[in-house]
Amino acid sequence: KQFHLGMFEIGRPLGKGKFGRVYLARERSTGFVCALKTLYKAELQSCRAEGQVRREVEIQSNLRHPNILKLYGHFHDSKRIFLILEFAGKGELYKHLRRENRFPEWKAAQYIAQCAAALRYLHRKHVIHRDIKPENILLGIHGEIKIADFGWSVHAPSRRRQTLCGTLDYLPPEMIVRTGKDGSYNEKVDLWSLGVLTYEFLVGEAPFEDTKAMTERRIARADMTIPSFVSPEARDLIKRLLVLDPEKRLPLEDVEQHPWILKHCVKGSRTGKPEQKSRRD
Ligand SMILES: COc1cccc(-c2nc(Nc3cc(C)[nH]n3)cc3ccccc23)c1
């Protein structure tokens, strides 16, 4: 299907992404609301990120899962590339996390269960996300998780080529120090990141947050302390994901069946969750 800018009514800018801005948009003929992400070609060339964007489009446009942000299509003009993306009504998860400081266990467990389901779907398609962190997760209008930003995703197994920029907090040991026989790694990197995400949801900061050098050292030793206010069940899950040996990390099927997840995610079970009032947002 051919798309072009004239097909869309551009709404308010939602915010600024890495290589451009994101706008609310409506497709004129159908009234369909979406998010239009603009990427400036010049900037992509200067950061040699065209390959990442090509991969993002190729991978994300073939994915269909309720917890993965849909990419409906793309087009470009002389200066920009446009990605037509699903609109997630509640925006960036990390803004909610910063505002609330940390999530109650029932909310964190529901988010982690949805991330695990999305990762299971990705891994079945041999796609590694490689960049699971609050900044790359959006929230749908009903508070459901939408994993976005596949700029770093690749087909497994893989060897990293692009130098890593931005935070190391979420990277597993095997992506920091070349221990793997040929420095390659597999989808188990996403299991480590899921452990970091669980910790950050419950504690409000990443487990290895420190100076760059110290973070690398602490990751390489899985050196973290879990505060005493974290429940024993949640602590158990974190410890089973933040394991140095990728092969010994808890598989996603077992994450979804973990006592901490079942306690908070199975309908009607004792969750201690405040009755969900039908709040007007
Ligand atoms: C930096 O702040 C940014 C950047 C990009 C998007 C938002 C944002 N996004 C969305 N939804 C989206 C975004 C995409 C690609 N699909 N659905 C909703 C929001 C609501 C309030 C504030 C901000 C929002 C913020």
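The preceding data block contains the structure.
Residues numbered from 1 in each chain as written. Predicted model: local features only at pLDDT ≥ 70, side-chain atom pairs only at ≥ 80, totals over all residues. Heavy atoms only, no water.

Q: Can you break down the overall build of the protein chain residue by residue, with the values?
A: Within the protein chain, the regular secondary structure consists of 10 helices and nine strands. For the protein chain, with 281 residues in total, the buried portion stands at 48%. Summarising the internal contacts of the protein chain: among those between residues at least 6 apart in sequence, 63% fall at separations of at least 24. As displayed, the protein chain offers around 14,600 Å² of accessible surface, 52% of which is attributable to carbon and sulfur atoms. (Helix = DSSP H or I, 4+ residues; strand = E, 2+ residues; numbered from the N terminus. Buried < 20%, exposed > 50% of the residue type's maximum accessible area, 1.4 Å probe, protein only. Contact = heavy atoms within 4.5 Å. Areas by Shrake-Rupley, 256 points an atom, 1.4 Å probe, with all protein chains shown as cover.)

Q: Account for the pairing of strand β3 (residues 33–40), with residues named and values stated.
A: Look at any regular strand and the pattern is simple: side chains alternate between the two faces of the sheet. Extensive coverage of β3 is indicated by the burial of six of its eight residues. As judged from the five bridges shared by strand β2 (residues 21–27) and β3, these two strands associate in the antiparallel manner. Paired with Leu 24 across the strands is Ala 35, a residue of β3. Here β3 pairs with strand β5 (residues 80–85) via six bridges, running antiparallel. Its bridge partner being in β5, Leu 36 is matched across the sheet by Ile 84. (Pairing = 2+ DSSP bridges.)

Q: Residues and numbers for the side chain of Glu 105, please.
A: Relative to the helices and strands, Glu 105 is located in helix α4 (residues 105–124). Buried and without a salt bridge, Glu 105 has Lys 263 as its closest oppositely charged side chain, separated by 5.6 Å. Looking at Glu 105, its side chain comes within polar contact range of the side chain of Trp 260, at 2.8 Å. Ignoring any residue separated from it by four or fewer positions in sequence, one finds Glu 105 in contact with Leu 202, Phe 229, Val 230, Ser 231, Ala 234, Trp 260 and His 264. (Lys, Arg positive; Asp, Glu negative; His and termini not counted. Salt bridge = Lys/Arg side-chain N within 4 Å of Asp/Glu carboxyl O. Polar contact = N/O pair within 3.5 Å; in protein donor to acceptor, adjacent residues only side chain to side chain.)

Q: Describe in detail the site of the ligand, supporting the description with residues and values.
A: Around the ligand, the structure places 15 residues, and the nearest of them are Glu 86, Ala 88, Gly 91, Glu 92 and Lys 95. Glu 92 places a side-chain nitrogen or oxygen 2.8 Å from an oxygen atom of the ligand. Within the contact set of the ligand, an oxygen atom lies 3.2 Å away from a side-chain nitrogen or oxygen of Lys 95. Contact with the protein chains removes 82% of the 530 Å² of surface that the ligand exposes when unbound. Per-element accounting of the shell around the ligand gives the leading share, four residues, to strand β1 (residues 8–16). Residues of the shell around the ligand, tallied by class, amount to eight nonpolar, two polar and five charged. (Near = heavy atom within 4 Å. Nonpolar A, V, L, I, M, F, W, Y, C, P; charged D, E, K, R; others polar.)

So far we have only geometry, and geometry alone does not tell us how the molecule works.
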